[in-house]
Amino acid sequence: AEKVLRNAIKLFDLKKRSDLHLALSQLLTLLGDQTNNASFYEDALKEVQNAISIKPDNASCYFYNGIIRFKLEDYKNSLINFNQCLKQDKKFLEAELNAKRIKGLIQKEKTLIRSSRSSSIFLTSIFLAQLVAIWILYFNGTKITSGMLSVLVPILSGLLIISVLLPWLSRFKLSGIEAELNDPKPKEALASGPKGEMIMSNNLRKLF
């Protein structure tokens, strides 16, 4: 199917190529979903951008651009494309729902990052203070032996590193939201395979 679409793009006139680029983009996105390979999403993004360059007033192109960018975890540009889709078609319900979900996701990410940064600073200061105290007590010859030092220093050093990396580690918590989107629910999740397949079929019928 991919080969047929790419050959057709070379043969049809410019106006019809937009629908072909969009159909190819949807096909590549579907392959990305099936294989979990981000390179398909990157190729799909190029195709949908080609479709937009030919028909900049096509709301569906911006909608699928938003879908692909979401899958690539480019949430900011995903939201921009859903909003652009709504500018072209104010009644595009799926784009409106997706835009609201992306806004919520971005807000959750910002809140999570702020919270994790505060926790990171607090824990880092505690572990660092404990490390300094242990070395001071050791050199003063008070209570801390070499055996205790060899155990406590690696443990506190490991905890210190984790506390510093906490803001980045906390971002993995967002993967649960993405997993929910991969299992679409009515009027809640981003449109996925079935929606794209239906539009792709309609586009091809118009052309052939």
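A quick note: this is a predicted structure, and the numbers were derived from the prediction, not measured.

### A few points about the side chain of Ser18
Now for step 1: Mapped onto the fold, Ser18 is located in helix H2 (residues 14-35).
Now for step 2: At 3.2 Å, the side chain of Ser18 forms a polar contact with the backbone oxygen of Ala51.
Now for step 3: Not counting chain neighbours up to four residues away, the residues in contact with Ser18 comprise Ala51, Ile54, Lys55 and Cys61.

### Looking at the packing of helix H4 (residues 59-71) against helix H6 (residues 93-139)
Now for step 1: One way to put it is that H4 packs onto H6 with a least axis distance of 11 Å and a crossing angle of 30 degrees. Judged by the angle between their axes, H4 and H6 are roughly parallel. Crossing angle aside, the handedness with which H4 passes H6 is left-handed. Touching Phe63, Ile67 and Phe70 of H4 are Glu94, Ala95, Asn98, Ile102 and Leu105, all from H6.
Now for step 2: The residue makeup of the contact of H4 with H6, split by class, is six nonpolar, one polar and one charged.

### Let's talk about a nonpolar patch on the surface
Now for step 1: A cluster of nonpolar side chains, Met148, Val151, Leu152, Ile155, Leu159 and Ile162, forms an exposed patch at the surface whose accessible area comes to about 480 Å².
Now for step 2: Position of Met148 among the secondary structure elements: in helix H7 (residues 146-169).
Now for step 3: On the accessibility criterion, Met148 (35% relative accessible area) is partly exposed.

### Quick notes on the packing of H4 against helix H5 (residues 75-88)
A packed helix pair is summarised by two numbers, namely the angle formed by the two axes and the spacing between the axes.
Now for step 1: At a closest axis distance of 8 Å, the pairing of H4 and H5 adopts a crossing angle of 165 degrees. Judged by the inter-axis angle, H4 sits roughly antiparallel to H5. The handedness of the crossing between H4 and H5 comes out as left-handed. Here H4 contributes Ala59, Tyr62, Phe63, Asn65, Gly66, Ile67, Arg69 and Phe70 to the contact with H5, which in turn contributes Tyr75, Asn77, Ser78, Asn81, Phe82, Gln84, Cys85 and Gln88.

Definitions and cut-offs
Residues numbered from 1 in each chain as written. Predicted model: local features only at pLDDT ≥ 70, side-chain atom pairs only at ≥ 80, totals over all residues. Heavy atoms only, no water. Helix = DSSP H or I, 4+ residues; strand = E, 2+ residues; numbered from the N terminus. Polar contact = N/O pair within 3.5 Å; in protein donor to acceptor, adjacent residues only side chain to side chain. Contact = heavy atoms within 4.5 Å. Axes fitted to C-alpha atoms, helices over the stretch in contact; angles between N-to-C directions. Parallel < 35°, antiparallel > 145°, perpendicular 65-115°, else oblique. Left-handed = near helix turned anticlockwise from the far one by under 90°. Nonpolar A, V, L, I, M, F, W, Y, C, P; charged D, E, K, R; others polar. Patch = residues over 30% accessible without salt bridge, like charges linked within 9 Å, V, L, I, M, F, W, Y side chains within 5 Å. Areas by Shrake-Rupley, 256 points an atom, 1.4 Å probe, with all protein chains shown as cover. Salt bridge = Lys/Arg side-chain N within 4 Å of Asp/Glu carboxyl O. Buried < 20%, exposed > 50% of the residue type's maximum accessible area, 1.4 Å probe, protein only.

Function cannot be inferred from these measures alone, as they are strictly geometric.
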